[in-house]
Protein chains: 2
Amino acid sequence: MQLKKRKIKSGNRSRFAYGGLDRVIHERARLSVLTSLITHAKGLAFGELKEFCALTDGNLNRHLLVLEDAKLVSVAKHHDSGRPQTICRITPLGRRRYLDYLEVLEQVIVDGAAAQEGVAGTHRPASN
Amino acid sequence: MQLKKRKIKSGNRSRFAYGGLDRVIHERARLSVLTSLITHAKGLAFGELKEFCALTDGNLNRHLLVLEDAKLVSVAKHHDSGRPQTICRITPLGRRRYLDYLEVLEQVIVDGAAAQEGVAGTHRPASN
């Protein structure tokens, strides 16, 4: 029991910390925005993005500012037949960072699913 | 183009909102705590949980309170050979809610991975 306990403490230290779950991306609304944009490489109009994410104008604007500050998203004004249009796009950096994030998310699912299948769950708590 | 736009607006409204990403579970530290606990069905001692999640005593306590309030986790004091021990466990409700959450997380990965494979990304932005 002592050996098993030591193994868990050293070999698996911070095993479930998921440091790669970048808080800028992980926040639900921003994850929603980034997933919408990564699946639409040519960009999305503000109004479409708002609907995809089920966000209000104010909330979408607030989260776009955070993502722009982090250089993960670019927001540009265009004119389409004289009508002003705001187009949001994921940047190459945003794409890389989002895909890195996705890898960590996959690990969470692998870990969580292992419990569902009963692979884990046999470890007895040690004293604290 | 107009038809395509309508289809997107009606058929895929809130397509990427991920309403099932419960904020109590989605917060990174709490996701870490719950994944640690669901993979250890017999519970974890406070000290072990702290190491698995790479959290300080204060932060772990704070997040455990949120999870206890939501009835997703139970925290109990035991005596192990006279030594007091705090054991944290995921509740049956916590297990169900975590697994529901995991399903939504899987959808995020499916959506994000589709972009990586170039399945999506051809939609042109419509005016807002």
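Computed from a predicted structure; not experimentally measured.

(A) The overall build of chain A, seen in detail. Helix and strand content of chain A: six helices and three strands. Helices and strands appear in chain A in the N-to-C order α-α-α-β-α-α-β-β-α. Evaluated residue by residue, chain A yields a buried proportion of 50% over its 128 residues. Summarising the internal contacts of chain A: among those between residues at least 6 apart in sequence, 55% fall at separations of at least 24. Of the roughly 6400 Å² that chain A leaves accessible, carbon and sulfur atoms contribute 51%.

(B) Spatial organisation of the relation of the copies chain A and chain B. Least-squares fitting of chain A to chain B yields an RMSD of 0.0 Å, with the transformation described by 0.0 Å of translation along the axis and a rotation of 180 degrees. The operation mapping one copy onto its partner corresponds to a two-fold rotation axis. Comparing interface residues between copies, 100% of those in chain A also lie at the interface in chain B; the contact surface is shared.

(C) A look at the environment of L99 of chain B. Tracing the sequence through the fold places L99 of chain B in helix α6 (residues 92-116). Owing to a relative accessible area of 18%, L99 of chain B belongs among the buried residues under this scheme. For the pair L99 of chain B and C88 of chain B, spaced 11 residues apart in the sequence, the C-alpha separation amounts to 18 Å. With near-sequence residues (within four places) excluded, L99 of chain B lies in contact with Q116 of chain A together with I38 of chain B.

(D) Inspection of the interface of chain A and chain B at higher detail. At the interface, 63 residues of chain A touch 63 residues of chain B. Of the roughly 5600 Å² buried between chain A and chain B on both sides combined, carbon and sulfur atoms contribute 59%. Remark: the boundary between chain A and chain B carries four salt bridges. Put simply, E51 of chain A and R13 of chain B hold a salt bridge, and the shortest N to O gap is 3.8 Å.

Conventions we followed
Residues numbered from 1 in each chain as written. Chains lettered and ligands numbered in written order. Predicted model: local features only at pLDDT ≥ 70, side-chain atom pairs only at ≥ 80, totals over all residues. Heavy atoms only, no water. Helix = DSSP H or I, 4+ residues; strand = E, 2+ residues; numbered from the N terminus. Buried < 20%, exposed > 50% of the residue type's maximum accessible area, 1.4 Å probe, protein only. Contact = heavy atoms within 4.5 Å. Areas by Shrake-Rupley, 256 points an atom, 1.4 Å probe, with all protein chains shown as cover. Least-squares fit on C-alpha atoms with pLDDT ≥ 70 in both. Buried area = accessible area lost by both parts, 1.4 Å probe. Salt bridge = Lys/Arg side-chain N within 4 Å of Asp/Glu carboxyl O.

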